[in-house]
Amino acid sequence: MSSPPSSNSFRSSFEVPSAAAPSARVVSFEDARHLVEQHAADVSPGEVEKVDLLAGVGRVLAEGIFADRDFPPFARATRDGYAVRAADLAAVPARLEVVGEVKAGDWQDPGIPSVGPGQAMAIMTGTPLPAGVDAVVMVEHTLPIRESAVKLVEVRRSVGVGENFVPRAAEARAGQLLLDRGRRLDHAGIAIAASVGKSRVEVFRKPRVAALSTGDEVVEIDATPGPAQIRNSNSYSLAAQIQDAGGEAVRLAIAPDEPRRLRTLIEEGLACDLLLLTGGVSMGKYDLVEQVLVELKAEFYFTGAEIQPGRPVVFGSCGAGTLARPDGGVAISTRARAPAPHKKYFFGLPGNPVSTMVTFELFARPMIEALAGMTPQALIFLRARLKSEIRTKTGLKRFLPAVLSGEFENAAVELARWQGSGDIAALARANCYVVIPPDRERIEAGEWVSLLMRSA
């Protein structure tokens, strides 16, 4: 069995030197990500269910949301001031007769007259324009005239046709698609659905994602660990990440180093929509996870990625369509194919906690989002200036915990002080990862670097 773990790490290897194990296929980060995206593009979301609008927050739409009328339904003022005819202000200052006032909720009220030449109407932001006008002049550029028996306003600045109002249907026409199927509902989506009268929305069922921690050294979090044992923090962090990605987390019992029970738990995990395993195989007679996967005729798409942390990450599937080798091993596939009806994907995530969290974000998240029905999203890195010099080794693409700080436009990033991929406390202090290309061993302070923001 592998050497005893430290107090803040899980088994970090996902490779077994067994004759039955798949041939090692370690790919670049970009190739690994694209392989996951290709397979994710072929999965089908779950059943459709109808929920109350606010219960849809964070869920993925299974229907399009369409405008039920023009938006806005009238020409809408965007400033407090006076509705005018732009031609009347060709020369300023100009005095106009104020013939009324438009308030919120007014819509072609019989008591609201049209505006003719030489006239204006007081108006508030968000209210409909009266007939006869083609612009709104801001109240800041006007002065009421008190000495006249007729109510007048002096306008000191001209306006152009169409200024300071939104035309009817400028935002959307009746019947126009506002939110597409596959969109995850956030506060803006909720506002749109509410604005078209959708009190209930159709969403996809959340995918059930199993999290399985393995190894005799792992104990539940309410247990007192022995000298060579660790608490099962990975299962809980994965559950939180699964929920954040739009899935329903299914925390399985800890899998012991015993073949029959391990197989039972892996099969239980494969009964869900996706299985995430952490740790569980290195060297020795108790290293059984990949042996069980081989028995289940698993197909492995990659068995490692050229990244740090998280190099031993594994991606594969079990079920219909698996390609068994004549020698009893499992085929390594580099190309996504349309999945067979009962094909189930799995990820083997390295057991060190930071590695587990990083590889989840890079690889497991897009698969969960696809199973939840989301339209695929490309991974985009942000950019920021580096506070302090970074020195590292070449050869791997690195995702290192970092802190982005500053205020407003003046932001900069620096690495968090950390002790390796078992340092959960360092990751908790970080709010992003600095992404270091595999060919850079030194990045100077002041250089622009790529960032992957950490989910809250």
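Predicted model only: the values in this text are computed from it and were never measured.

1. Describing the packing of aromatic side chains
- One pass over the structure, following the stated rule, counts 10 aromatic pairs.
- Plain terms: the ring middles of Phe-302 and Phe-315 are 5.7 Å apart, the flat faces sit at 50° to each other, and that makes the pair tilted. Here Phe-302 is found in strand 19 (residues 299-302), whereas its partner Phe-315 is found in strand 22 (residues 314-318), with 13 residues between them in sequence. Just as Phe-302 is buried, Phe-315 falls in that class too.
- By the ring-pair criterion, three or more aromatic residues cluster together here, those being Phe-29, Tyr-301, Phe-302, Phe-315, Tyr-345, Phe-347, Phe-363, Phe-381 and Phe-399.

2. What to know about the sheet that holds strand 8 (residues 135-138)
- Strand order in the open sheet formed by 6 strands is 8-5-7-6-10-9, and the pairing between neighbours is mixed. Of all the strands in the sheet, just strand 8 and strand 9 (142-145) have a single pairing partner and so form its edges. Adjacent strand axes in the sheet meet at a mean angle of 40°, parallel and antiparallel pairs treated alike.
- Bridging between strand 6 (residues 94-102) and strand 7 (residues 119-123) involves 4 bridges; their strand directions are parallel. Looking at strand 7, one finds that Val-98 is bridged to Ala-120.

3. Concerning helix 6 (residues 353-371)
- Along helix 6, the sharpest change in direction is near 50° and occurs at Ala-364; proline Pro-366 comes one to four residues later.
- Along helix 6, 19 of the 19 residues are buried, which leaves the element largely enclosed by surrounding structure.

4. With respect to helix 3 (residues 233-244)
- In this model, helix 3 (12 residues) spans 17 Å end to end at C-alpha, consistent with the 16 Å of a helix rising 1.5 Å per residue.
- For helix 3, the complete set of buried residues consists of Asn-234, Ser-235, Ser-237, Leu-238, Ala-239, Gln-241 and Ile-242.
- Among the structural elements, strand 14 (208-213), strand 17 (248-251), strand 18 (274-278), strand 23 (344-349) and helix 6 are those in contact with the buried residues of helix 3.

5. Let's talk about the confidence of the model for the chain
- This prediction gives the chain a mean pLDDT of 87; 86% of its residues lie at or above 70.
- Note on residues 1-20: pLDDT under 50 across the span, and 72 contacts to partners over four residues away in sequence or across chains.

6. Remarks on the sheet that holds strand 17
- With respect to topology, 6 strands assemble into an open sheet ordered 17-14-18-23-22-19, the strand pairing being mixed. Taken across any chain shown, the strands that pair with only one partner, and hence form the sheet edges, are strand 17 and strand 19. This sheet shows a mean twist of 25° between the axes of neighbouring strands, independent of strand direction.
- Relative to strand 17, helix 3 is tilted by about 165°, and along the sheet it contacts strand 14, strand 17, strand 18 and strand 23.

7. Concerning the side chain of Thr-356
- Residue position: Thr-356 is located in helix 6.
- Exposure remark for Thr-356: the relative accessible area of 0% places this residue in the buried category.
- Here Pro-350 takes part through its backbone oxygen, which lies 2.6 Å from a polar atom of the side chain of Thr-356.
- What Thr-356 contacts, discounting residues up to four positions off in sequence, is Asn-234, Leu-238, Thr-278, Leu-349, Pro-350 and Gly-351.

8. Quick word on the environment of Lys-393
- Looking at where Lys-393 falls in the secondary structure, it is placed in the loop between strand 25 (390-391) and strand 26 (397-407).
- A sequence separation of 49 residues divides Lys-393 from Arg-442, and the C-alpha atoms of the two residues are 8.4 Å apart.
- With sequence-adjacent residues up to four places away left out, Lys-393 is seen in contact with Arg-398 and Arg-440.

9. Digging into unusual backbone geometry
- Here the residue pair Phe-71 and Pro-72 is connected by a cis peptide bond, since its omega of -10° sits within 30 degrees of zero.
- Relative to the helices and strands, Pro-72 resides in the loop between strand 3 (65-66) and strand 4 (76-77).
- Unusually for a residue other than glycine, Ala-169 sits at a positive phi of about 65°.
- With respect to the secondary-structure elements, Ala-169 resides in the loop between strand 11 (165-166) and strand 12 (177-179).
- Of note in this structure, Lys-297 is not a glycine but carries a positive phi near 60°.
- Mapped onto the elements of the fold, Lys-297 is located in the loop between helix 5 (289-295) and strand 19.

10. Some remarks on the packing of helix 1 (residues 29-40) against helix 6
- Running from amino to carboxyl end, helix 1 crosses helix 6 at an angle of 10°, the nearest separation of the two axes being 9 Å. Judged on the interaxial angle alone, helix 6 and helix 1 are roughly parallel. The way helix 1 lies across helix 6 gives a crossing that is right-handed. Where helix 1 abuts helix 6, its residues Phe-29, Ala-32, Arg-33, Val-36, His-39 and Ala-40 lie against Glu-361, Leu-362, Phe-363, Pro-366, Met-367 and Ala-370.
- Looking at side-chain class alone, the contact of helix 1 with helix 6 contains 9 nonpolar, 1 polar and 2 charged residues.

Quick notes on the rules
- Residues numbered from 1 in each chain as written.
- Predicted model: local features only at pLDDT ≥ 70, side-chain atom pairs only at ≥ 80, totals over all residues.
- Heavy atoms only, no water.
- Phe/Tyr/Trp six-rings, centres within 6.5 Å; stacked < 30°, edge-to-face > 60°.
- Helix = DSSP H or I, 4+ residues; strand = E, 2+ residues; numbered from the N terminus.
- Buried < 20%, exposed > 50% of the residue type's maximum accessible area, 1.4 Å probe, protein only.
- Pairing = 2+ DSSP bridges.
- Axes fitted to C-alpha atoms, helices over the stretch in contact; angles between N-to-C directions.
- Bend = angle between axes of the 7 residues up to and from the residue.
- Expected span 1.5 Å × (residues − 1).
- Contact = heavy atoms within 4.5 Å.
- pLDDT = per-residue confidence, 0-100.
- Polar contact = N/O pair within 3.5 Å; in protein donor to acceptor, adjacent residues only side chain to side chain.
- Parallel < 35°, antiparallel > 145°, perpendicular 65-115°, else oblique.
- Left-handed = near helix turned anticlockwise from the far one by under 90°.
- Nonpolar A, V, L, I, M, F, W, Y, C, P; charged D, E, K, R; others polar.

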